[in-house]
Amino acid sequence: MSKKYYNVGKLVNTHGLRGEVKVLPQTDFAETRFASGSKLSLQHPDSGQKLEVEVTGAREHKGMFILKLKGFNDINEAEKYKGWTLKIAEEELDKLEDGEYYYHEIMGCRVLTEDGEELGTISDILRPGANDVWVVDMPKKKQLLLPVIDDVLLKVDVANKTVTVRLLEGLIS
């Protein structure tokens, strides 16, 4: 049986001449995922080609992470992996607290109002500041930006891929 992998970041560029790479994090646990000693899978987005890598150093820089990967010692070694995705194997996922969810669990969930009206499907997760915002694609309407706050989010049922919400005034125009 093949392993299941989940995105934790995207290698967007090289950094400097010593083989460091610039990574756009796609995880709530960037400090853990990119900590020194972490083992990740670097995967080509189209071919599925994989390279197992180990982080030997990391620092946050302007919303990105600058990583030093074992064996990447100059810009030429790092350059060919631009655009590749950093992933972790399913067994590497941490157990979450109640009320916490992984991106892959939320993406694709159907969104229902507390009255049972179906609004659409979650297509993206934005992280603008104090709280996450879930982007809901609504049929024949523009997207709904759903703040992830207790007043709005009533129930998340990961098993059935549904989210029940209370629409506050002004959320849908």
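The following paragraphs examine the structure supplied in this document.

### Examining the environment of E91
No. 1: Looking at the element boundaries, E91 is found in the loop between β6 (85-89) and α3 (103-106).
No. 2: Of the residues examined, E91 reaches a relative accessible area of 54% and is grouped as exposed.
No. 3: The spacing of E91 and G108 is 17 residues in sequence and 22 Å in space, taken between C-alpha atoms.

### So, the side chain of S41
No. 1: Relative to the assigned elements, S41 resides in strand β3 (residues 39-43).
No. 2: Once residues within four sequence positions are removed from consideration, S41 is found in contact with Y5, K50, L51, E52, T85, L86 and K87.

### Considerations on the pairing of strand β9 (residues 133-137)
No. 1: For β9, a buried count of four out of five residues is recorded, marking the element as mostly surrounded by other parts of the structure.
No. 2: Two successive antiparallel strands, strand β8 (residues 118-126) and β9, enclose a turn made up of six residues.
No. 3: Here β9 runs beside strand β10 (residues 144-147); their pairing, made up of four bridges, is antiparallel. Paired with V133 across the strands is P147, a residue of β10.
No. 4: Turn length for the β9-β10 hairpin, with the two strands adjacent in sequence and antiparallel, is six residues, and the turn residue K140 shows positive phi of about 60°.

### Some points on the sheet that holds strand β11 (residues 153-157)
No. 1: Spatially, the six strands line up as an open sheet ordered β10-β9-β8-β7-β12-β11, and their pairing is mixed. Every other strand in the sheet has two partners, leaving β10 and β11 as the edge strands with one partner each. Direction aside, neighbouring strands of the sheet carry axes that sit 35° apart on average.
No. 2: Strand direction decides the pairing type here: β8 and β9, joined by five bridges, are antiparallel. Counted as the bridge partner of I125 is W134 from β9.

### Brief notes about the pattern of salt bridges
No. 1: Under the defined criterion, the tally for this structure stands at six salt bridges.
No. 2: Notably, a salt bridge pairs R59 with E20, separated by 2.9 Å at the nearest N-O pair. Of this pair, R59 sits in strand β4 (residues 50-61) while E20 sits in strand β2 (residues 20-25), placing them 39 residues apart in sequence.
No. 3: By relative accessible area, which is 38% here, R59 ends up partly exposed.
No. 4: Note that R166 and E114 form a salt bridge whose closest N and O atoms lie 3.1 Å from each other. Taken together, the residues R166 in the segment after β12 (162-165) and E114 in the loop between β7 (110-113) and β8 connect sequence positions 52 residues apart.
No. 5: Taken together, the salt bridges that share partners define one network made up of K39, E54 and K70.

Quick notes on the rules
Residues numbered from 1 in each chain as written. Predicted model: local features only at pLDDT ≥ 70, side-chain atom pairs only at ≥ 80, totals over all residues. Heavy atoms only, no water. Helix = DSSP H or I, 4+ residues; strand = E, 2+ residues; numbered from the N terminus. Buried < 20%, exposed > 50% of the residue type's maximum accessible area, 1.4 Å probe, protein only. Contact = heavy atoms within 4.5 Å. Pairing = 2+ DSSP bridges. Axes fitted to C-alpha atoms, helices over the stretch in contact; angles between N-to-C directions. Salt bridge = Lys/Arg side-chain N within 4 Å of Asp/Glu carboxyl O.

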